[in-house]
Amino acid sequence: MLRTQPKFDLHRDVVSDILRKEASVCRVEEYSGAVDIRILNFERDGGILYSWKGATGTTRIGKYDPNIKKNKLLYTFDKQVCVSSCSLNKEETLLAVSLAQNTRGEERLNPISKCLTLLIEIHPINNTKVLKAVDFRVKVQFLHHETDRRAVLESHLLLLTEDRYVDLYHVMLTKQEGYRVVIMNPERLSKTAVRIVEDFCWVQWDRHTQRLYYLTFKEKFLLRSVQFYPSYNCEIVFELPLELPANSFRTVKFANLGFDHYHTERSEQELVKLQVFTNKIEGSMCICYTQPLQDKHELLYTVVLVHKDCSKKFRVSLGSDASPQKATQLHPLFIPIGYYILVYLQGYFLHCINTRQQEMLCHSLFLSGRDVNLGLQCQSANITVLHAEDESSPCLLDQATGRIHSAELSPAYLLKILRSDTNSRCPSSKADPQRLAALHCLLVYMGTDPNLELKVIEWLCDNVNTFESFDQIQEFILASLYRISYEKALSLDKILPYSSVFDKKEVPECLLKVPGVFCTTEIQTESTFKGKARSLQGFWSELQWNTERTKYLDADPNPRYRTSHMQADWDKMRSERRPSSQLNHIEENTKKVLSMVDTWSLDKKLVPLFQEEDHQQRALIGLTVDKLREHLSRHLPRLGKKKIDSLVVNYVAKLLELIRHMLESVWLKYKLGPRVLCLTQQGSPAEWSVFHFMLRILESTRSLCLPLPPGYHTLFAVFAVRCLPHHTFLQYIDHGFLQLTETFVSRLMTDLDNSDANERLKFSILKRLPEPMVKRIYHMWDHPVSSASISRDYVKTLLEKHNKNKGLAFTGKDKPGFRPEFVPLTYLAKILSDIEEEAPNPFEEQENVDARFVEETALKQTLILLGFERK
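Residues numbered from 1 in each chain as written. Predicted model: local features only at pLDDT ≥ 70, side-chain atom pairs only at ≥ 80, totals over all residues. Heavy atoms only, no water.

## Here we look at the overall build of the protein
Step number 1: A tally of helices and strands in the protein yields 21 helices and 32 strands.
Step number 2: For the protein, contacts bridging at least 24 residues in sequence account for 61% of all contacts bridging at least 6.
Step number 3: Carbon and sulfur atoms make up 49% of the accessible area of the protein, which totals about 40600 Å². (Helix = DSSP H or I, 4+ residues; strand = E, 2+ residues; numbered from the N terminus. Contact = heavy atoms within 4.5 Å. Areas by Shrake-Rupley, 256 points an atom, 1.4 Å probe, with all protein chains shown as cover.)

## Re the packing of helix α15 (residues 726–734) against helix α17 (residues 756–767)
Step number 1: Relative orientation of the contacting elements α15 and α17 amounts to 10 degrees, with a least axis distance of 11 Å. Viewed along their axes, α15 and α17 adopt a mutual orientation that is roughly parallel. Between α15, through His 726, Phe 729 and Leu 730, and α17, the contact on the second element is made entirely by Ala 757, Asn 758, Leu 761, Ser 764 and Ile 765.
Step number 2: Residue composition of the contact of α15 with α17, by class: five nonpolar, three polar and no charged. (Axes fitted to C-alpha atoms, helices over the stretch in contact; angles between N-to-C directions. Parallel < 35°, antiparallel > 145°, perpendicular 65-115°, else oblique. Nonpolar A, V, L, I, M, F, W, Y, C, P; charged D, E, K, R; others polar.)

## Some words on the sheet that holds strand β30 (residues 403–409)
The pairing of strands in a sheet happens through backbone hydrogen bonds and is either parallel or antiparallel.
Step number 1: Spatially, four strands are ordered β1-β30-β29-β28 in an open sheet, and the strand pairing comes out antiparallel. Lying at the two open borders of the sheet, with one neighbouring strand each, are β1 (2–9) and β28 (383–386). The average undirected angle you get between the axes of adjacent strands in this sheet is 30 degrees.
Step number 2: Bridge analysis of strand β29 (residues 395–398) against β30 gives four bridges, and the strand direction is antiparallel. Following the sheet pairing, Cys 395 is matched in β30 by Ser 406. (Pairing = 2+ DSSP bridges.)

## A closer look at the pattern of salt bridges
Step number 1: Under the definition given, this model contains 44 salt bridges.
Step number 2: Lys 513 serves as the salt-bridge partner of Glu 509, at 3.6 Å between the closest nitrogen and oxygen.
Step number 3: In this structure Glu 509 comes out as partly exposed when scored by relative accessible area, which is 49%.
Step number 4: In this structure, Asp 645 engages Lys 592 in a salt bridge whose closest nitrogen and oxygen atoms are separated by 3.5 Å. A residue pair is termed long-range when its members are at least 10 positions apart, and Asp 645 in helix α12 (residues 641–669) and Lys 592 in helix α10 (residues 580–600) qualify at 53 residues.
Step number 5: Residue Lys 592 is classed as partly exposed on the basis of its relative accessible area, which comes to 37%.
Step number 6: Through salt bridges with shared partners, a single ionic network connects Asp 45, Lys 63, Lys 72 and Glu 92. (Salt bridge = Lys/Arg side-chain N within 4 Å of Asp/Glu carboxyl O. Buried < 20%, exposed > 50% of the residue type's maximum accessible area, 1.4 Å probe, protein only.)

## Structural notes on the sheet that holds strand β19 (residues 253–255)
Step number 1: One open sheet holds the six strands; their spatial order is β19-β15-β16-β17-β18-β32, and the pairing between them is mixed. The sheet is open, and its two edges are formed by β19 and β32 (528–529), each paired on a single side.
Step number 2: Where strand β16 (residues 211–217) meets strand β17 (residues 221–228), seven bridges bridge the pair, whose relative direction is antiparallel. Residue pairing in the sheet places Tyr 214 in a bridge with Arg 224 of β17.

## Details of the nonpolar core
Step number 1: Ranked by size, the top nonpolar core spans 143 residues in total, and within it Leu 342, Leu 409, Tyr 712, Phe 729 and Phe 744 carry the most contacts.
Step number 2: If you tally residues by element for this core, the top one is α12, at 15 residues.
Step number 3: Residues contacting Phe 744, with those up to four places away along its chain left out, are Leu 679, Thr 714, Ala 717, Val 718, Val 721 and Phe 729.
Step number 4: Grouped together as the second largest cluster of nonpolar side chains are 27 residues, Cys 201, Leu 240, Val 272 and Val 306 included. (Core = buried A, V, L, I, M, F, W, Y, C linked by side-chain atoms within 4.5 Å.)

## Brief notes about unusual backbone geometry
Step number 1: Residue Pro 124 is bonded to the preceding His 123 through a cis peptide linkage, with omega at -5 degrees.
Step number 2: Along the chain, Pro 124 turns up in the loop between β8 (115–122) and β9 (125–134).
Step number 3: Of note, the phi angle at Asp 199 is positive, near 60 degrees, even though the residue is not glycine.

## What to know about the confidence of the model for the protein
Step number 1: Averaged over every residue, the pLDDT of the protein is 84; the share at 70 or more is 83%.
Step number 2: A low-confidence stretch, residues 807–823 (pLDDT under 50), is modelled with 17 contacts involving residues beyond four sequence positions or located in other chains. (pLDDT = per-residue confidence, 0-100.)

## Quick look at the packing of helix α6 (residues 472–488) against helix α13 (residues 685–704)
Packed helices, taken two at a time, are described by their axes: the angle between them and the distance between them.
Step number 1: The interhelical angle for the contact between α6 and α13, taken along N-to-C directions, is 65 degrees, at an axis separation of 9 Å. It follows that α6 is roughly perpendicular to α13 by the angle criterion. By crossing handedness, the relation of α6 to α13 is classed as right-handed. For the pair formed by α6 and α13, the contact residues are Gln 472, Ile 473, Gln 474, Ile 477 and Leu 478 on the first element and Phe 693, Arg 696, Ile 697, Ser 700, Thr 701, Ser 703 and Leu 704 on the second. (Left-handed = near helix turned anticlockwise from the far one by under 90°.)

## Observations regarding the environment of Val 456
Step number 1: Relative to the assigned elements, Val 456 resides in helix α5 (residues 450–462).
Step number 2: Excluding anything up to four places from it in sequence, Val 456 contacts Leu 415, Leu 439, Leu 442, Leu 443 and Phe 476.

## A short note on α6
Step number 1: Its 17 residues place the ends of α6 25 Å apart at the C-alpha level, agreeing with the 24 Å of an ideal helix rising 1.5 Å per residue.
Step number 2: Burial of α6 is extensive: 15 of the 17 residues sit out of reach of the surface. (Expected span 1.5 Å × (residues − 1).)

## What about α13?
Step number 1: With 20 residues, α13 should reach 28 Å at 1.5 Å per residue; the first-to-last C-alpha distance of 29 Å fits that figure.
Step number 2: Regarding α13, the residues found buried are Glu 687, Val 690, Phe 691, Phe 693, Met 694, Leu 695, Arg 696, Ile 697, Leu 698, Ser 700, Thr 701 and Leu 704.
Step number 3: On its buried side, α13 packs onto α5, α6, α12, α14 (712–723) and α15.
Step number 4: Note on α13: the residue one or two positions beyond its end, Cys 705, has a positive phi of about 60 degrees.

## Focus: the packing of aromatic side chains
Step number 1: Inspection of the entire model under this criterion finds 30 aromatic pairs.
Step number 2: With a centroid separation of 5.3 Å and an interplanar angle of 35 degrees, the aromatic rings of Phe 467 and Phe 470 are classed as tilted. Take Phe 467 and Phe 470: they sit in the same class, and that class is buried.
Step number 3: An aromatic cluster is built from Trp 688, Phe 691, Phe 716, Tyr 732 and Phe 737, whose rings are joined through pairwise contacts.
Step number 4: For Arg 356, the ring lying beneath its charged end belongs to Tyr 486, and the centroid distance is 3.7 Å.
Step number 5: Above the plane of the ring of Trp 545 lies Arg 638, whose end atom (NZ or CZ) is 3.8 Å from the centre. (Phe/Tyr/Trp six-rings, centres within 6.5 Å; stacked < 30°, edge-to-face > 60°. Lys NZ or Arg CZ within 6 Å of the ring centre and 35° of its normal.)

## As for the environment of Leu 679
Step number 1: Residue placement: Leu 679 occurs in the loop between α12 and α13.
Step number 2: Taking C-alpha positions, Leu 679 is 9.9 Å from Thr 750, a pair spaced 71 residues apart along the chain.
Step number 3: The contact partners of Leu 679, leaving out residues within four places of it in the chain, are Val 718, Val 721, Phe 744, Arg 747, Leu 748, Asp 751 and Leu 752.

## Section: the pairing of strand β10 (residues 138–142)
Step number 1: A large share of β10 lies buried, amounting to five of its five residues.
Step number 2: What you see with β10 is no split at all: Val 138, Val 140 and Phe 142 on one side and Lys 139 and Gln 141 on the other are buried throughout.
Step number 3: Sheet topology places β10 next to strand β11 (residues 154–161); five bridges connect them, and they run antiparallel. Bridge pairing in β11 places Val 140 opposite Leu 159.

## What about the side chain of Arg 483?
Step number 1: Within the secondary structure layout, Arg 483 lies in helix α6.
Step number 2: Ignoring any residue separated from it by four or fewer positions in sequence, one finds Arg 483 in contact with Leu 443, Val 444, Gly 447, Thr 448 and Glu 453.

## A word on the side chain of Gln 275
Step number 1: Tracing the chain through its elements places Gln 275 in strand β20 (residues 273–279).
Step number 2: For Gln 275, a relative accessible area of 10% corresponds to the buried category.
Step number 3: In this structure, Gln 275 is in contact with Trp 202, Gln 204, Cys 286, Ile 287, Cys 288, Phe 334 and His 387, ignoring residues within four places of it in sequence.

## Digging into the environment of Val 25
Step number 1: Residue placement: Val 25 occurs in helix α1 (residues 10–26).
Step number 2: Measuring from C-alpha to C-alpha, the distance between Val 25 and Gly 54 comes to 9.2 Å, with 29 residues separating the pair along the chain.
Step number 3: If we skip the residues at most four places from it in the chain, Val 25 touches Thr 56 and Arg 60.

## Notes on the state of the cysteines
Step number 1: Summed over the entire model, instances satisfying the criterion amount to zero disulfides.
Step number 2: This cysteine, Cys 510, is not joined by any disulfide, and Cys 362 carries the nearest cysteine sulfur, 8.2 Å off. (Disulfide = S-S within 2.5 Å.)

Below, the structure is given as structure tokens:
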């Protein structure tokens, strides 16, 4: 499920270097003693702090810099001590260390106390100041802020204690002798401490955002967030009550505050596992916690989506082989990857929760069984998730080996889920939700990779028949458009459609209830933004805006645009005559869209689209722009008219471009060339596959009332006439699958000869065309029937115009077929010639039709009727 890349190897990057240092200290060529190296902490700059027991009975602290891939010795204790917590300031001038009381028979600390917290000057190594000597654990953490000041002569240190309080020390520094950095007034250091948190039971540090989350309990649990600013001031900016059992934390829990190798806690003592994840790009916050049930073979975990103003409570069955006693000791691993939260319990299940498209279970991937594996070569109990600045690739630390890997979702694994055999034993009720979730992850989360998109299109082409519960082509179109539009404006999250599932009259049961996991959703309306968070530009501002917008949109029964709702307007537009002003407005919308498509497609002429006038599709394009603009203006007026217009035009243009991209990909897949446009040849198996794919696109877009690129119907009809028997081709027309365009019919009339079979096809098509188009087509078809029709129309039009001018009425009847009146042909031709001299030819703009043409046509038709000449 995960694709990992090695980032750090304790043995490769640190141990080998330490062995050389110890050999130098011992003055030997190669040090053969054991080196007990322990990772202590990770700083904001990526630096890894570690300690090891030296060869001469000392304890050393070092730092590995991943940017330059070098190690640096920071400090050496002259005896062996137990380092339980450690932090280095940004300038690397101060080292804060908490030492645990030795319980293994070595020399005890003096004075005797369980924890001794020191602040050490290390630039150069100089004085040591005792901050705490207490009988409870103390965690230390320096603040690291980006600052423009060249020489920062102050540092700020957090002390987080097992006695349930947090102090912030403001350490003022000064330079001596031009290079020595020492603490100013060290005797007054304790007076600079400010207590910023009291009475907490759980605390988590986020080194990248410089935030502290903590949980306090009075009548109920309250989660708070403390934001530290570059000025080193801090304040509580966020509060949220959580529903947890009163006895959830028997001891104080520290998260992301380094590793204490001298304090181990049994897993059965940890009733609740709690973690907070934020994403600055999404403007999202997720609070994940788990609580195993005591009496059932199942696990409960909750994901609070603050940005969506809701919480999701999941209940997962662990199977009959999980004993209730064992279940109480199991806690899943929470891994944030982009806007997904992975919940993994080794040997039981993997739940990839979609925190952006959270409405339905089927858009989150759930896998269960003993074969479920993240792809890691270690036990999940040894894994620690390190919050990474790149939120799409978190880092995973294997504490057993000291290796760190960056992790991301594996496209190959998701493609494997898509390609799973549709004829396998896996029921559609389980396979379809997995495919749908994998498809959305590939298209929305990973969709910026063009090679991956091509593989998905290839899968669509190989699986053209719809699945039992969803239409994969509709999902491809809507999900791809959602991703493209969301990148332009995050506020479109709850407005634009991302799945066709919502357009179904009745959602299939298997998409509402995924086997193995049960979900309940609750509205979370008690989050509170405080202090500067209300006016900050950045994460807190975006999170607050997302939360408020969600509350507003949740009050609307239909905030998300549904393309199928436009069907009534489209049917009305086709059946009723509209004012010219409205039609002009629709046409202007269409021109804006097509101008953008043309801009994008100058170098792509593989598939002949956008090369003709298709009045029906042009009207649908313009109407789509109008309705989508209206929806966005109603729900997101804050964006402004200009921004909304740009988003809407881009959306529809990209829809047309996306369909052409699908055709181009299939064109290349089957290696089609210009010969496929020739109507005189029969279609090959490859062309049949393309025809079937185009038919599925047509069906999918029609049910969603989405427009197609101008020229699509012509191209589809070309493939149809090449691939289908003539009678089947006509049935496709009668059932509405084929729309006859004037471009296609004119090509058919000119490219196909007038053999008996082709002639029958042509007459059958002419019967199905509107009368105005038939008259235009006759002028392109060299056939006696077309010539006769042209001649009758010419005579009728010319004589009507002449007699109207003379005040006479023309009484001749326009009968079907050629039935000449009882008037000598030469006399009629002479009358027509005389009229032509007096009046302009009514057909001169279309064809070279005159009295001579009428006379020749009449003679030829007579000879045919008498049997003296063949057609």
